[in-house]
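Each chain, letter by letter, is given below.
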Amino acid sequence: MAALGFLVLGGLHFGCSEPVNVDFNIINPCQENLFAEQGCNFMRIVVSALDPADPLHRDAAGQGLGPLAKTCDVAAGECTLDAEELVGEGRIVDVLCYATLESEPVARASSSIVDLDSGGEGVAGKSLNLLLGNIYGFVETTVIRPGDSIGTCSKLGVAQNQGRFGHTATLLEDGRVLVVGGIIRYGQGVEKYLTTAEVFDPNTGEHTLLLDGAGMPIEMQAGSGRAYHTATRLRDGRVLISGGVGLIQEGSMEIPTAIRSSELFDPASGTFVSPTDMGTARAHHAATLLATGEVLISGGVSYVSGAINNNGYYASAIVFNPETNAWSDVSNTMSSERAFHQSVLLDPAATQGKVIIIGGENGAGTLDSVDIFDPTSNSFFSNVSVNMSRARSRFCATRLKNGEVLVAGGTTTKGDLEPDNGVEIFNLGQGGSFGGFKPDIITLEVARMDHSCNLLDSGNVMVAGGRLSGGEATGVGELVVVGADSYTVQRLTDSLNPPRFLHQATELLNGWVLLTGGLPNDAVAEMAVMQSMYFVPKPL
């Protein structure tokens, strides 16, 4: 462990209150000494706010004062930033590392939510530990809570001595990440579907198994465990956990079987509550939070004899109402049965909250087709003639800040481990009345499937991990750079280590991305990855 004590905020005056003095300890990630390697001779301190009504927040239109910042010489040991607006709640503090004043920042350390407020009395003696990471790099999650473990690697799955795959990882309102369910392996093809959950806290850098007051693991209502389910944070902060696969007793054996139940995680109590019946057992489906606050579940597939039922793909969809905790059917079905697809909320202002359902696979093979859900009529349009350039399944998709939808990678042949490297863009103004995919396709350097895509604060998309044609995972990360009228792909110089697929990637409140779990290859005896990683984006 290596830490640098650096007094970065001093003499911050709020009316007649006492100064705000904050002592920053810059923590190197485990097994590294980035601060020395990067030559951090200058530090730029940036304080911003998440609340759009806060003066330190600047929106896309340029409204608001925006972040306050100052650059200081590290050799001086302290930095003074004077402004009444600094004191307040919900601050994000960013410390940027520069080798020279003329260069771009090479590393950064970012806080989660920080309150620089004590009821008008000022703040004195506050200390923050911040993890340093290379910009556009991957860095190990590291304990930053004061104590004997500070500076050591923080890993997922310490209780079972291995990570998870097929799990979900959901950002909670307070900035923590809820990791639910998934699968662990005991070797020789023996697997356990987990009923437990872990929470990752960026403020401490620690993964913690959810425990009750007696120190026992808090378990989901589904005693079978869940994997390949969905988890959706609702507007009230609860998390809806739907469907998936669990181990169900059949005779003397436990068989992987699709689940028809859903349940809610209540962050206030830290427990799983309100199990409900979805009406249909489905896994490998898609879930989308609608503009109304409801949740659309589309497609999926059932299991038979412990494997995917080739005749059990669904074209149906259901909607969850968080006010009644009840499910209802969509009035019609999609044009095709599908699973392993993607579902993306289109720009609500431009489309009245419509959702595009893209690709996937069914018993006949992979799909290039699209369905569009209309929440105002609770139905799918029947005359959508929009297709990707090629059929694809097990890909990623995300809505960009310009309203377009990026689709990347996947496999074009069902049951084939030959992934694709194509990137396609859906545009509402392309083609007919329902939009279409642009004819120009850019390509990733590495063809991959079962990977992740994250929209960054910059508007670019970070693609990470995935399965290669030989069944092994890739650690290569790539950045899809979104320009005014163009898209380009840049390979990141840093790699994800360990490499992984079937992982989860969750954007945090400070803009960093947390990558958890996954598999390093598809060997049946291979255990899931324990070491979680951050991706460190370039500051805006």
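All figures in this text were calculated on a predicted structure; none of them were measured in a lab. Numbering of residues starts from 1 in every chain and runs along the sequence as written. Totals for whole chains, interfaces and linings use all residues, but because this is a predicted model, local features are given only for residues with pLDDT of at least 70 and pairs of side-chain atoms are given and counted only at 80 or more. The basis for the side-chain values is all heavy atoms of the structure; hydrogens and waters are excluded.

S.K.: What's the story with the overall build of the protein chain in this structure? I'm lost.
M.R.: Secondary structure elements follow DSSP: runs of H or I of four or more residues count as helices, runs of E of two or more count as strands, with numbering from the N terminus. In terms of helices and strands, the protein chain carries two helices and 45 strands. The size measure is the radius of gyration over C-alpha atoms, and the globule rule it meets is 2.2 Å times the number of residues to the 0.38 power. Against the compact-globule benchmark of 24 Å for 540 residues, the protein chain has a radius of gyration of 24 Å, which places it among compact chains. Counting the 540 residues in the protein chain, one finds 56% classified as buried. Long-range contacts, defined here as pairs at least 24 residues apart, represent 55% of the contacts in the protein chain between residues at least 6 apart. As displayed, the protein chain has an accessible area near 21,100 Å², and 48% of this comes from carbon and sulfur atoms. Only four residue types enter the tally: Lys and Arg on the positive side, Asp and Glu on the negative side; His and the chain ends are excluded. For charged residues, the charge sits on one atom: NZ in Lys, CZ in Arg, CG in Asp, CD in Glu. Considering the protein chain, the positive charge centre built from 32 side chains and the negative charge centre built from 60 side chains are found 4 Å apart. Only protein chains enter the calculation, and the probe is 1.4 Å; a residue is then buried if its accessible area is under 20% of its type maximum, exposed if over 50%, and partly exposed in between. Whether two residues are in contact is decided by their heavy atoms, any of which lying within 4.5 Å being enough. Accessible surface area values rest on a Shrake-Rupley calculation with a 1.4 Å probe, where residue burial reflects the displayed protein chains alone.

S.K.: Got a minute to help me understand the state of the cysteines in this structure?
M.R.: Disulfides are covalent bonds that link the sulfur atoms of two cysteine residues. Cysteine sulfur atoms are paired as a disulfide whenever they fall within 2.5 Å. Under the criterion given, the structure shown has three disulfides. Disulfide pairing is shown between Cys40 and Cys97; the S-S distance is 1.8 Å. One disulfide, between Cys40 and Cys97, carries an S-S torsion of -105 degrees and so falls in the left-handed class. Placement of the pair is Cys40 in the loop between helix H1 (34-37) and strand S3 (42-49) and Cys97 in strand S5 (residues 88-98), with a sequence separation of 57 residues. Residue classification places Cys40 among the buried positions, given a relative accessible area of 4%. The disulfide partner of Cys396 is Cys453, and the gap between their sulfur atoms is 1.8 Å. Of the two residues, Cys396 is situated in strand S34 (residues 396-399) and Cys453 in strand S39 (residues 452-455); the sequence distance between them amounts to 57 residues.

S.K.: Just checking my understanding: could you explain the pairing of strand S40 (residues 461-464) for this structure?
M.R.: Along any regular strand, the residues point their side chains to alternate faces of the sheet. Every second residue of S40 is oriented toward a common face, with Val461 and Val463 on one face and Met462 and Ala464 on the other, all of them buried. Two strands form a pair only when DSSP identifies at least two bridges running between them. Where S39 lies against S40, four bridges are found, and the strand directions are antiparallel. Pairing of Leu455 across the sheet is with Val461, part of S40. Adjacent in sequence and paired antiparallel, S39 and S40 are bridged by five residues, among which Gly459 carries a positive phi angle near 95 degrees.

S.K.: I'm lost on the pairing of strand S16 (residues 230-233) in this one. Help?
M.R.: A one-sided burial pattern is seen for S16, the buried positions being Thr230 and Thr232 and the unburied ones Ala231 and Arg233. Inspection of the sheet shows S16 paired to strand S17 (residues 239-242) by four bridges, in the antiparallel sense. Bridging from a neighbouring strand, Arg233 pairs with Val239 of S17. As consecutive antiparallel partners, S16 and S17 are separated by five residues, and within that stretch Gly237 has a phi angle of approximately 95 degrees, a positive value.

S.K.: So what exactly am I meant to see when it comes to the nonpolar core here?
M.R.: Side chains of a nonpolar character, in soluble globular proteins, are inclined to be buried together. Here, the term nonpolar core denotes a set of buried Ala, Val, Leu, Ile, Met, Phe, Trp, Tyr and Cys residues that are joined through side-chain atoms within 4.5 Å. Among the nonpolar cores identified, the biggest contains 27 residues, and Phe24, Ile26, Met43 and Val95 are the most heavily contacted of them. For this core, the secondary-structure elements that each account for two or more residues are strand S2 (20-27), S3, strand S4 (68-73), S5, strand S6 (107-110), strand S7 (114-116) and strand S8 (126-134). Here this core takes four residues from S3, the largest share from any one element.

S.K.: Would you mind going over the side chain of Ser393 with me for this structure?
M.R.: Among the secondary structure elements, Ser393 is positioned in the loop between strand S33 (379-380) and S34. A relative accessible area of 0% means that Ser393 is categorised as buried. When near neighbours in sequence (up to four residues on either side) are disregarded, Ser393 contacts Ala339, Phe340, Gly360, Glu361, Thr366, Gly410 and Thr411.

S.K.: Please clarify how the sheet that holds strand S21 (residues 271-277) should be interpreted in this entry.
M.R.: Backbone-to-backbone hydrogen bonds join strands into a sheet, with any given pair of strands oriented parallel or antiparallel. With antiparallel pairing, the four strands of this open sheet are ordered in space as S16-S17-S20-S21. On the outer flanks of this sheet lie S16 and S21, each paired with one strand and no other. Between one strand axis and the next, the sheet turns by 25 degrees as a mean value, whatever way the strands run. The axes are straight lines fitted to the C-alpha atoms, using for helices just the contacting stretch, and the angles between their N-to-C directions are given from 0 to 180°.

S.K.: In this structure, what is going on with the sheet that holds strand S28 (residues 342-345)? I would like to understand it.
M.R.: Spatially, S28-S29-S32-S33 is the arrangement adopted by the four strands of the open sheet, whose pairing is antiparallel. Of all strands in the sheet, those with a lone pairing partner are S28 and S33, marking the two edges. Direction of pairing for strand S32 (residues 370-374) relative to S33: antiparallel, over a ladder of two bridges. Counted as the bridge partner of Phe373 is Phe380 from S33.

S.K.: Honestly, the pattern of salt bridges in this entry has me stumped. Any pointers?
M.R.: Pairs can form between side chains of opposite charge whenever their charged atoms are close. In the sections that follow, a salt bridge refers to a side-chain nitrogen of Lys or Arg positioned within 4 Å of a carboxyl oxygen of Asp or Glu. For the coordinates displayed, the defined rule picks out 19 salt bridges. Note that Asp371 is salt-bridged to Arg338, the shortest N-O span being 2.8 Å. Taken as a pair, Asp371 in strand S32 and Arg338 in the loop between strand S27 (326-329) and S28 lie far apart in primary sequence, 33 residues in all. This pair shows no difference in class: Asp371 is buried, exactly as Arg338 is. In this structure, the salt-bridge partner of Arg392 is Glu424, at a minimum N-O distance of 2.8 Å.

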